[in-house]
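Coordinate inspection notes
These are the residues of each chain, in order.
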Amino acid sequence: QERTRCLPPPSSSESCRHHAQPAMVNAPQGAAKYRRFDSWYKIPEDFQRTWPSKKLEQPPQWCTVDLRDGNQALVNPMDHEKKLLMFNHLVKLGYKQIEVGFPSASQTDFDFIRYIIENGLVPDDVWIQVLTQAREHLIERTIESLQGAKKVILHLYNSTSELQRRVVFKWSRDKIKGMAVDGAKLLRSLSDQKLAQSAEVRLEYSPESFTGTELDFALEVCEAVLEAWGPTQHPVIFNCPATVEMATPNVYADQIEWMSKSFKDRSKVCLSVHPHNDRGTAVAAAELALMAGADRVEGCLFGSGERTGNVCLITLAMNYYSQGIDPGIDVSDLQTTVQISEKCTELKVPERYPWVGNLVYAAFSGSHQDAIKKGLAALNGKPAQERIWEVPYLPIDPADIGRSYEAIIRVNSQSGKAGAAFVIQQQLGLELPYNMQIEFSKSVQVATDTSKVEMVAEDLCSLFQEVYCQKSPELKPATYNVHTAPAVALAIAEKFDQDVLLPPGLEQELGGLIENDEKAWENFAELFLAKSEVVTSYRVTERDGKVSLSASVQVPELVSVESEGNGPIDALVHGLSRQLEKTLDVVFYEQQAISSGSSAEAVCFVQISCGDRKAFGCSRHENTTTASLLATVQGVRRVLGEEDVTERKEYSLASRLALVVDEQGKMVRTWGVGDNVAKACASALRRWAEDLEVLPGVAVHKRAEEEEVVYVQCKAAAGRRYGVGVDRSSTTASIKAVFSALNGIRAHANGKRPAAAANGAPEAKKSKQ
């Protein structure tokens with residue numbers, strides 16, 4: 001103890017050297033310590049490769065090794081329950097060759113194999129494969145586990161690589177080959193004695209570390225094993241594993257094609273590959289190997305296995321599927337496959353994993369989002385029989401593998417207008433106009449720049465409703481009435497009074513006779529509006545229910561009338577008919593008050609017929625009787641005049657909106673006229689925004705719920721804003737849209753952030769995410 005205490009403490013560098021490996025004198029450093037594969041491994045010079053010109057036309061035989069190769073590489077190997085869950089799912093997916101374990105090396109594997117056989121869980125068309133080493137007691141234990149099975153693949157292996165011969169075994173080629181041959185003979189003998197009578201048996205041999213084995217020696221060993229096994233019912237499976245991926249995939253393809261061409265009797269051989277992923281190119285190596293002549297692939301779901309894993313069978317299957325080739329595996333619900341794999345292996349499938357990762361069908365880039373949106377729209381516009389999948393950035397339809405469109409486009413600070421628009425379309429059923437997409441994307445940009453995180457669909461919908469569907473707006477429509485008529489008729493009615501509506505017949509007559517321009521009222525007054533002098537005098541008396549009229553009128557000559565009738569108009573028309581010797585009738589009569597109080601006036605509309613001709617006369621007077629007589633005389637003058645009252649021109653329609661606005665509980669009556677309901681609404685709301693107008697490009701579409709959706713963009717001095725309205729009535733939707741835009745403009749001008757979503761705002765469809 002004293003000596004120890006007297007020793008000086010070691011320096012930190014000395015302490016480190018206590019645990020370090022002995023230094024190699026003059027050892028190569030960095031990349032220099034590795035040798036190129038092609039510096040020692042040679043493909044025979046006379047080899048003529050043909051695989052580059054081949055195409056993948058059909059899927060290979062699939063063999064999944066999740067329950068053996070994949071399982072042995074797990075931090076926590078699967079227990080019985082997880083093995084059973086994985087096995088049943090592999091069967092459901094359609095795999096016909098499943099390596100179920102290493103029963104001679106694991107009691108768990110042995111018990112599991114017995115369980116699935118004894119409980120009849122192995123379908124008649126499924127081969128269960130087991131791995132064994134070439135020792136008698138291990139082979140006997142393996143065969144014991146398989147009693148009662150119907151289809152069995154016995155898989156024998158030993159390492160043949162130059163490195164393991166030299167470093168691990170320190171054996172010659174002949175001794176390594178002898179091990180393989182002795183094991184093959186023993187396996188065949190014992191299987192014939194104890195298994196072949198009750199089961200259909202296939203034999204498989206793997207020269208382990210094939211990629212590091214000289215080709216001539218790999219072939220020599222395989223031919224020796226084939227000879228030792230003798231005649232077999234099925235071709236012998238020779239599995240050439242890239243136990244360690246040592247070179248580029250094209251080298252592996254050369255190795256496989258050389259082997260395929262070099263067997264003495266290729267018809268007796270099923271050539272299998274088992275690529276590992278050390279260099280990250282296992283999928284490419286497998287595909288090139290299949291082009292080079294391989295018949296079969298061993299691998300795992302999502303590439304589980306030693307080190308960087310085996311080749312991913314799902315990726316390979318989807319690569320076929322995306323080229324229009326049925327892989328023979330059910331890929332319709334890969335999300336469930338991911339969940340089962342993650343549960344059984346405790347390994348998470350990365351979010352960017354090919355075909356199945358959570359983000360694989362997501363687009364954050366604005367240009368990508370825009371292209372996807374347009375691609376889907378173009379596809380949906382085609383007849384069903386012509387819908388070959390062609391959507392930018394989406395090599396397959398996500399729905400084919402159980403994914404939903406809701407998750408295709410994701411929105412963050414890098415996203416453009418199309419991403420947010422697509423999510424709104426999918427969630428709310430709203431197809432935003434192009435300029436509205438731009439407008440909303442600015443709100444999204446502010447929100448994502450502030451939060452620094454992705455906006456999920458729910459957040460995006462909440463933001464949309466916050467911007468366009470205010471919960472407690474300052475202004476909202478209470479009631480309304482819309483009248484559509486020729487634009488010129490509405491303009492003339494407005495000259496009378498805001499509450500005046502012209503008779504429908506008069507509206508049509510005006511539309512066909514008068515242009516809607518600055519002279520419209522002048523022309524109307526000239527043609528339709530009676531001058532006071534057309535009735536020079538009149539007296540009305542009533543006796544015994546009859547009205548007597550004595551009047552002097554100009555039609556256009558001065559005519560004196562003495563007549564009786566049910567009223568002044570009836571008496572006047574009867575009198576004129578006698579005096580003029582014409583058959584005159586009153587077709588339509590209406591009076592409307594246009595003001596109230598002591599200055600009250602009436603406007604009167606009368607339509608007179610004479611034979612096939614009809615014509616309106618109008619008047620405005622504080623005395624209702626005078627107004628009636630003036631209008632009647634004007635109608636008679638027109639119907640008897642030389643004017644062509646049947647003339648018809650093309651005319652445009654307009655809308656007149658009578659509106660009651662709820663201004664925070666106060667009801668305000670207003671009205672407006674416009675080319676359409678939206679413009680009429682903007683006109684009616686100018687008391688709250690004097691220069692409010694609807695910009696061109698009102699958009700309308702139907703949602704799946706048979707609701708009308710209307711988008712309008714309104715402009716005022718305080719800015720411009722889109723509004724959206726949803727209702728079963730397009731008229732109501734248009735009015736809601738204008739209110740939405742106006743409230744947005746006012747909120748922005750007042751520096752207020754619009755409140756949360758309103759009742760009656762577009763509701764999000766239930767997400768499949």
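Residues numbered from 1 in each chain as written. Predicted model: local features only at pLDDT ≥ 70, side-chain atom pairs only at ≥ 80, totals over all residues. Heavy atoms only, no water.

**Regarding the overall build of the protein chain**
Keep this limit in mind: Numbering of helices and strands starts at the N terminus; helices are DSSP runs of H or I of at least 4 residues and strands are runs of E of at least 2. The quantity called the radius of gyration is restricted to C-alpha atoms. Its globule counterpart is 2.2 Å times the number of residues to the power 0.38. Under the scheme applied here, a residue whose accessible area is under 20% of the maximum for its type counts as buried, over 50% as exposed, and between as partly exposed, the area being computed with a 1.4 Å probe on protein chains only. Contacts between residues were defined by any pair of non-hydrogen atoms, one from each residue, lying within 4.5 Å. The Shrake-Rupley method, run with a 1.4 Å probe, gives the accessible areas here. Residue values count only the displayed protein chains as cover. Charge counting treats Lys and Arg as positive and Asp and Glu as negative, with His and both chain ends excluded. Every charge is mapped to an atom, namely NZ of Lys, CZ of Arg, CG of Asp or CD of Glu.
The helix and strand inventory of the protein chain stands at 24 helices and 21 strands. Its C-alpha radius of gyration of 45 Å places the protein chain more than 25% over the 27 Å reference for a compact globule of 769 residues. In terms of overall dimensions, the protein chain has C-alpha extents of about 140 × 80 × 50 Å along its principal axes. Across the 769 residues in the protein chain, those meeting the buried criterion constitute 50%. Intrachain contacts of the protein chain at a sequence separation of at least 6 include 66% that bridge at least 24 residues. Split by element, the accessible area of the protein chain, about 37300 Å² in all, is 48% carbon and sulfur. Taken together, the 85 basic and 100 acidic charged side chains of the protein chain have centroids lying 6 Å from each other.

**As for unusual backbone geometry**
The amide bond that connects Val555 to the next residue, Pro556, takes the cis arrangement and shows omega of -10°. Along the chain, Pro556 falls in the loop between strand S11 (546-554) and strand S12 (558-565). Phi is positive for Glu581, close to 55°, though the residue is something other than glycine. Residue placement: Glu581 occurs in the loop between helix H21 (568-580) and strand S13 (584-593).

**What about helix H12 (residues 313-321)?**
With eight of its nine residues buried, H12 lies for the most part within the structure. When we look at burial in H12, the residues that qualify are Leu313, Ile314, Thr315, Leu316, Ala317, Met318, Asn319 and Tyr320. Considering only its buried residues, H12 is in contact with strand S1 (61-64), helix H11 (282-291), strand S8 (296-299) and helix H13 (334-345).

**Considerations on the sheet that holds strand S17 (residues 666-674)**
Pairing between the strands of a sheet comes from backbone hydrogen bonds, and it takes one of two forms, parallel or antiparallel. Defined as follows: In short, DSSP must find at least two bridges between two strands for them to pair. A fitted line through C-alpha atoms represents every axis, and for helices the fit uses only the stretch in contact; the resulting angles, taken between N-to-C directions, go from 0 to 180 degrees.
On the basis of which strands lie adjacent, the open sheet formed by three strands has the order S9-S16-S17 and antiparallel pairing. Looking along the sheet, the strands with just one partner apiece sit at the ends: strand S9 (475-486) and S17. Between one strand and the next, the sheet's axes are offset by a mean angle of 15°, whatever the strand orientation. In this structure, strand S16 (residues 653-663) lies alongside S17, joined through nine bridges in antiparallel fashion. Bridge assignment links Arg656 to a residue of S17, and that residue is Val673. Contacting S9, S16 and S17, helix H18 (residues 487-496) crosses the sheet at an angle of about 115° to S9.

**Re the environment of Thr731**
Secondary-structure assignment places Thr731 in helix H24 (residues 730-749). What makes Thr731 partly exposed here is its relative accessible area of 22%. C-alpha of Thr731 to C-alpha of Leu510: the two residues are 221 residues apart in sequence and 25 Å apart in space.

**Observations regarding the packing of aromatic side chains**
To be explicit about the condition: Geometry of aromatic contacts follows a simple scheme: Phe, Tyr and Trp rings, the Trp one being its six-membered ring, pair when their centres are within 6.5 Å, and the pair is stacked under 30 degrees between planes, edge-to-face over 60, tilted otherwise. Put simply, a charge is over a ring when the Lys NZ or the Arg CZ is close to the ring centre, within 6 Å, and near the line of the ring normal, within 35 degrees.
All chains considered together, the criterion is met by 18 aromatic pairs. Seen in terms of ring centroids, Phe440 and Phe464 are 5.3 Å apart; in terms of plane orientation they differ by 85°. Their pairing is edge-to-face. In this pair, Phe440 is assigned in helix H16 (residues 434-451) and Phe464 in helix H17 (residues 457-468), connecting sequence segments 24 residues apart. Plain terms: the ring middles of Trp521 and Phe524 are 5.3 Å apart, the flat faces sit at 35° to each other, and that makes the pair tilted. Here Trp521 pairs with Phe524, and both are found in helix H20 (residues 520-527), just three residues apart, close to one helical turn. Look at Trp521 and you get partly exposed, because its relative accessible area is 27%. Three or more aromatic residues joined by ring pairs make a cluster, and in this case those are Phe496, Trp521, Phe524, Phe528 and Phe605. Lys83 extends its terminal NZ or CZ atom over the ring of Phe112, reaching a point 5.6 Å from the ring centre.

**Comments concerning the nonpolar core**
Formally: Nonpolar cores are built from buried Ala, Val, Leu, Ile, Met, Phe, Trp, Tyr and Cys residues. Side-chain atoms within 4.5 Å join them into one set.
Core analysis: the biggest nonpolar cluster contains 106 residues, and Tyr95, Val100, Ile256 and Met259 have the highest contact counts within it. Per-element accounting of this core gives the leading share, nine residues, to helix H9 (residues 215-229). Residues contacting Ile256, with those up to four places away along its chain left out, are Phe210, Cys240, Leu271, Val273, Ala289, Ala292 and Ala294. Core analysis: the second largest hydrophobic core is formed by 28 residues, Cys681, Leu692, Val694 and Ala741 among them.

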